[in-house]
Amino acid sequence: MRLVATCARGTEGALRRELAALGFRRVKGARGAVELEGSVEDGMRACLWSRTAMRVLLPLARFPAPDAAALYDGARGVDWTEWLTARTTLAVEATGTTPALTHTGFSALKVKDAVVDALRERLGARPDVDVRDPDVRVVLHLARGEGELSLDLAGGPLHRRGWRAVTTEAPLKETLAAAVLVLGGVARDLPFLDPMCGSGTLAIEQALAARGMAPGLGRAFGFQRWPGYRGALQSAWDRLREEARAAALPRAPAPIRARDASPEAVEAARRNAAAAGVAGDVAVELGDARKAEPGAPAGTVCTNPPYGERLGSRPLQLAGFYRGLGEALRRFHGWRAVLLSGNPLLDRELGLPIESTHRLWNGPLEVRLLRCAIP
């Protein structure tokens, strides 16, 4: 079978390397996604283990969709009885457009009508629609005059690991944080510090990766509600979970620190680390990022500094903060800095030699991942 793992733009390389390392076959990058070959069980394993994927999709059909009538006919031609019954709830999501299909809500509605009509014809009854919490989530993607229909194995975005007990303003998504660690070349066996940790996402993802803990162990997935789940798929899923639990290390191999000047953020990071099962691996401390000390001869400072969008017309204040951050980082001789830069001022004011940059998107914001060696 062909599987598609979607991801944030700019993280395709990280996801491709991750899936290849997990043993998947014929892994091939695309824009905002990585394609691979495998079975439904392989898709379940990708949901369990992928740190950077947003969704794992099982494509069912691809067909010409130049207009609404062709979209309806193509969707109705799929044998939905393999995946849905009259008692199964469903929802349809749509992405992309064609010249004649420019409204994703309308496109999703046409597919929903086709699925319901096809099942009513075959089963004599129609399934109910539940847009908030469906048993089966169908995904339509339109591009270049074609439509592709897939099932969402996860049932919801994979960044929802299940551990986020408390959130702070504008938190970094877990999948993007994991991609930052991979693309930044952050070592899992060296000390780690996030001096502006917010709710602790980067430090927690570092701890999960360092201990080899499967990021999907703490949540449920959509495929568990599929009509065909009971039996072989459930047995396979139970085995995958047990193997994942057995593979995790008891402790992270190196110290992981998370620091923030906000008491509320520190409390959020501590509670989230506990919910993720890594409270013993992540030391959360209250303090100014510019006063942090290395405490070890080598390691990585990895952080997501403020972009300045909430400072209004005070760029001088932000420039001063960035200069102070650069001065603080120069105390970390022999370390590497990995920074998510959402403001060109950071690049100019940091005062550190930038080894490499990588373009990413934090939601709608274009950002740059900076790697700096600290002499």
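What you are looking at is a predicted structure, and each value in this text was computed from that prediction instead of being measured. (Residues numbered from 1 in each chain as written. Predicted model: local features only at pLDDT ≥ 70, side-chain atom pairs only at ≥ 80, totals over all residues. Heavy atoms only, no water.)

### Examining unusual backbone geometry
Heads up, the condition is: Numbering of helices and strands runs from the N terminus, with a helix taken as a DSSP run of H or I at least four residues long and a strand as a DSSP run of E at least two residues long. Exposed residues in this analysis have more than 50% of their type's maximum accessible area, buried residues have under 20%, and partly exposed residues fall in between, with area computed by a 1.4 Å probe over protein chains only.
Of note, the phi angle at Arg26 is positive, near 50 degrees, even though the residue is not glycine. If you trace the backbone, Arg26 turns up in strand E2 (residues 25-30). Classification of Arg26 by relative accessible area gives exposed; the value is 66%. Positive phi is not limited to glycine here, since Arg144 has a value of about 55 degrees. Within the secondary structure, Arg144 sits in the loop between strand E6 (136-143) and strand E7 (146-152).

### A few points about the sheet that holds strand E12 (residues 336-341)
Rules: The pairing criterion is simple: DSSP has to find at least two bridges between the two strands. Between N-to-C directions, angles span 0 to 180 degrees; the directions come from axes that are lines fitted to C-alpha atoms, helices contributing only their stretch in contact.
Pairing in this open sheet of 7 strands is mixed, and the strands run E10-E9-E8-E11-E12-E14-E13 from one edge to the other. The sheet is open, and its two edges are formed by strand E10 (282-286) and strand E13 (354-362), each paired on a single side. In this sheet, adjacent strand axes meet at a mean angle of 20 degrees when their direction is disregarded. Summarising the sheet, strand E11 (residues 300-303) and E12 pair through 4 bridges and their orientation is parallel. When the sheet's bridge partners are listed, Val301 is paired in E12 with Ala337.

### Description of the side chain of Ser150
Heads up, the condition is: The contact criterion used throughout is that any non-hydrogen atoms of two residues lie within 4.5 Å.
Within the secondary structure layout, Ser150 lies in strand E7. Those residues in contact with Ser150 that sit more than four places away from it in its chain are Leu57, Leu58, Pro59, Leu60, Arg137, Val138 and Val139.

### Focus on the sheet that holds strand E3 (residues 33-37)
Sheets are built from strands that pair by backbone hydrogen bonding, the pairs being arranged parallel or antiparallel. Taking strand neighbours across the sheet as the criterion, the 7 strands line up as E2-E3-E1-E4-E7-E6-E5 in an open arrangement whose pairing is mixed. Sheet topology places E2 and strand E5 (90-96) at the edges, where each strand pairs with a single neighbour. Put simply, the sheet's adjacent strands are angled 30 degrees from each other on average, direction ignored. Where strand E1 (residues 2-6) meets strand E4 (residues 55-64), 3 bridges bridge the pair, whose relative direction is antiparallel. Note that in E4 the partner of Ala5 across the bridge is Val56. Helix H2 (residues 40-49) rests against E1 and E4 of the sheet, and its axis sits at about 135 degrees to E4.

### Digging into the pairing of E13
Across 8 bridges, the pairing between E13 and strand E14 (residues 365-373) is antiparallel. Its bridge partner being in E14, His358 is matched across the sheet by Leu369. Following E13, the chain reverses through 2 residues before pairing antiparallel with E14; Gly363 in that reversal takes a positive phi of roughly 65 degrees.

### Quick notes on helix H4 (residues 104-123)
Applicable threshold: For a helix, the expected span equals 1.5 Å multiplied by the number of residues minus one.
End to end, H4 covers 28 Å across 20 residues, agreeing with the expected 28 Å (1.5 Å per residue, within 8%). Of the positions making up H4, those classed as buried are Ser107, Ala108, Val111, Ala114, Val115, Val116, Ala118 and Leu119. In this structure, the buried side of H4 is in contact with helix H3 (68-76), E5, E6 and E7. Gly124 sits one or two residues past H4 and shows a positive phi near 80 degrees.

### Focus: the pattern of salt bridges
To keep it simple, the criterion reads: Every case where a carboxyl oxygen of Asp or Glu lies within 4 Å of a side-chain nitrogen of Lys or Arg is listed as a salt bridge.
Counting across every chain of the model gives 30 salt bridges. The shortest N-O distance in the salt bridge between Glu93 and Arg55 comes to 3.2 Å. Taken together, the positions of Glu93 in strand E5 and Arg55 in strand E4 put the pair 38 residues apart, joining distant regions of the chain. Taking the shortest distance from any N to any O, the salt bridge between Arg359 and Glu366 comes out at 3.7 Å. When its relative accessible area of 45% is taken as the criterion, Glu366 is described as partly exposed. One network of salt bridges, with partners in common, ties together Arg2, Lys28, Glu35, Arg62 and Glu148.

### Notes on the packing of H2 against helix H7 (residues 232-247)
Going by this rule: By definition, turning the near helix anticlockwise from the far helix through less than a right angle yields a left-handed crossing, and turning it clockwise yields a right-handed one. Three classes are used: nonpolar for Ala, Val, Leu, Ile, Met, Phe, Trp, Tyr, Cys and Pro, charged for Asp, Glu, Lys and Arg, and polar for all others, with Gly counted as polar.
One way to put it is that H2 packs onto H7 with a least axis distance of 10 Å and a crossing angle of 35 degrees. With respect to the hand of their crossing, H2 and H7 are arranged in right-handed fashion. Taken together, the residues of H7 that come into contact with H2 (itself represented by Val40, Glu41, Met44, Arg45, Leu48 and Trp49) are Leu233, Ala236, Trp237, Arg239, Leu240, Arg241, Ala244 and Ala247. Taken together, the residues of the contact of H2 with H7 break down into 10 nonpolar, no polar and 4 charged.

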